[in-house]
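Given next are the chains, with one letter for each unit.
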Amino acid sequence: MPHVLIVDDSPDELGWMSEVVQAQGCTVATADSLRAARVQLVRQQPEVLLTDIQLPDGNGLQLVHDLEAPAQTEVVAITGHASVDSVVEALRLGATDYLVKPVDIERLRAILKRQPEAAELRHEIGELRGELRKAGRFGALLGGSPAMQSLYDKLARVAPTSATVLLIGESGTGKELAARTIHDLSRRRKLPFLAVNCGAISPQLIESELFGHEKGSFTGADRQHVGFFERANGGTLLLDEVTEMPLELQVKLLRVLETGSFVRVGTTQPISTDVRMVAATNRLPEKAVAEGRFREDLYHRLNVFPVHLPPLRERGNDIEMLAQYFLDELNRQEGTHKTFSPQAIAKLYERSWSGNVRELKNYVQRAFILSDDVVEAAESTETQPEEGPSDVISIRIGTPLDEVERRVTMATLERCGQVKRKTAEVLGISLKTLYNRLEVYSMKDQARDGGDVRRQAGKDRPTDNSTSPPKH
């Protein structure tokens, strides 16, 4: 039975919150000051600490330093000011979640409902941390290098909390697997985990995908659509490639993070949601902020607990471990017993692996297909562009930004020998974002070509009753 300590200098607040906590099957203790709260902490450490930030004798979050085992207590700050600065500061001081006065009863109940058998969760994480030292595994992630063990330690610390996490790493480093691991080791693990790639959805549809829409809210909306925030209620939502999100939608995302509610497209009725947010990007977020592509206030709101995922080239012997794991999986699926040759293993360490683990997995599969009993090194798929295409293009002053982006994208694609993965890396965008751009360019070309054909047909149409065909 979880134990909850409520700290607030208002007797009325203490009274009704105590009733809600007890109704959820928890034991409860109360305190109206830091001093009284410290007495309660000596008696019993709580699984949940609900504390007002403003107390008569100081900041309620000072109690974080009095916890004997901070990682075993969910600290929820109660604030009367729902500004981004106050919330971010509370989270940085040790809070794992927050409530805004007047406290929403449903949000409070949601926090209490996700309290599992805390000892069971701590035991599982402890076992996993022991397992990684033996087998180089942690949740959905694989690898035993020092860089990965440091990553596992961070994930183990943040997973049981409700803190927002920002995953930063190159394409193919396993950001979605890290997010899945955070969810699986959290109090929300029995509830949904959903992932949405912000760079793979067109700007016209992403708001509807995230927040949903009502029937008839726009052309083609023939029925109500439930968005990711609503479907992930109670669980975890991964916003992948979050720096690719349109600026106007970033404002609405910030509002959701501040208030815990959103509005479907086509209505003004707010809907409450309790979602643990994990964001991911393969760009440097500070650079995206400096370029004006990413709001600074949203960046600070998401960057509560940043986690950097190491590239494969910095993971030492993990390269061989991962390659063997992928080969074992292929053997199991195909009923074979293929092995790597010594030369194939040596070749693994000669490559730069710019596509990281995803590239390695594809490489092993390609080598597997081309081999008999012994897997030899596969040929590289990285096409080296021949001499000829220039590294410089000329753009006239006043050219629309959309056209500038198009010309730079297409020139880079040509320079990279039409290899889209390499092009995306050079441009600093995700592969899905590149495909999305190319699709838009193709649609515009088709629309323009269709218009040209119609206009040309009009010019060529005979103006008299002649039956002679138009000249082309």
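Just above sits the structure.
Residues numbered from 1 in each chain as written. Predicted model: local features only at pLDDT ≥ 70, side-chain atom pairs only at ≥ 80, totals over all residues. Heavy atoms only, no water.

1. Structural notes on the nonpolar core
For the record, the criterion: For the purposes of this section, nonpolar cores are sets of buried Ala, Val, Leu, Ile, Met, Phe, Trp, Tyr and Cys residues that join through side-chain atoms within 4.5 Å. Burial here depends on accessible area, computed with a 1.4 Å probe over protein chains only, as a share of the maximum for the residue type. Under 20% is buried, over 50% is exposed, and the range in between is partly exposed. We count a stretch as a helix when DSSP gives it H or I for four or more residues in a row; a strand needs E for two or more, and each element gets its number in order from the N terminus. The contact criterion used throughout is that any non-hydrogen atoms of two residues lie within 4.5 Å.
Core analysis: the biggest nonpolar cluster contains 31 residues, and Leu210, Phe229, Leu237, Leu239, Leu253 and Leu302 have the highest contact counts within it. Listing elements by their share of this core, those giving two or more residues are strand E10 (165-168), strand E11 (193-197), helix H8 (206-211), helix H9 (228-231), strand E12 (236-240), helix H10 (247-259), strand E15 (276-281) and helix H12 (296-302). Ranked by residue count, the leading element in this core is H10, at five residues. In this view, Phe229 contacts Leu210, Phe211, Leu237, Leu253, Val256, Phe262, Thr273, Val275 and Met277; residues no more than four positions away in its chain are not counted. Within the second largest apolar cluster, 23 residues are counted, among which are Leu141, Leu155, Phe193 and Val304.

2. Things to note about the sheet that holds strand E7 (residues 97-100)
Put simply, the rule reads: Two strands pair under a simple rule: DSSP has to find at least two bridges between them. Only the stretch in contact is used when a helix axis is fitted, and all axes are lines through C-alpha atoms; the angle between N-to-C directions ranges over 0 to 180 degrees.
The five strands are arranged E2-E1-E3-E6-E7 in an open sheet whose pairing can be described as parallel. Each having just a single partner strand, strand E2 (27-31) and E7 make up the two edges of the open sheet. When the angles between neighbouring strand axes are averaged without regard to direction, this sheet yields 20 degrees. By the bridge criterion, five bridges tie strand E3 (residues 48-52) to strand E6 (residues 74-79) in an arrangement that is parallel. The residue of E6 that forms the bridge with Thr51 is Ala77. Packing against the sheet, helix H4 (residues 105-113) makes contact with strand E1 (3-7), E3, E6 and E7, and its axis sits at approximately 160 degrees to E7.

3. Some remarks on the packing of helix H16 (residues 401-415) against helix H17 (residues 420-427)
Two packed helices can be described by the angle between their axes and the distance between those axes. Let me state the cut-off plainly: When describing relative orientation, an angle under 35 degrees is termed roughly parallel and one over 145 degrees roughly antiparallel, while 65 to 115 degrees is termed roughly perpendicular and anything else oblique. By definition, turning the near helix anticlockwise from the far helix through less than a right angle yields a left-handed crossing, and turning it clockwise yields a right-handed one. All residues other than Ala, Val, Leu, Ile, Met, Phe, Trp, Tyr, Cys, Pro, Asp, Glu, Lys and Arg, Gly among them, are scored as polar; the first ten of these are nonpolar and the last four charged.
With their axes 9 Å apart at the nearest point, H16 and H17 run at an angle of 130 degrees to one another. Relative to H17, the element H16 lies oblique. Crossing hand, H16 versus H17: right-handed. Contact residues: H16 offers Val408, Thr409, Thr412 and Leu413, while H17 offers Lys420, Thr423, Val426 and Leu427. Grouping the constituent residues of the contact of H16 with H17 by class yields four nonpolar, three polar and one charged.

4. Overview of the sheet that holds E12
Within the open sheet, the five strands sit side by side as E11-E12-E15-E10-E16. Their pairing is parallel. Bordering the open sheet on either side are E11 and strand E16 (305-308), each of which pairs with just one other strand. Across the sheet, the mean angle from the axis of one strand to that of its neighbour is 20 degrees, orientation sign disregarded. Pairing of E10 with E15 involves four bridges; the strand directions are parallel. Looking across to E15, one finds that Leu166 is bridged to Ala279. Each of E10, E15 and E16 touches helix H6 (residues 146-158); the most contacted strand, E16, lies at about 155 degrees to it.

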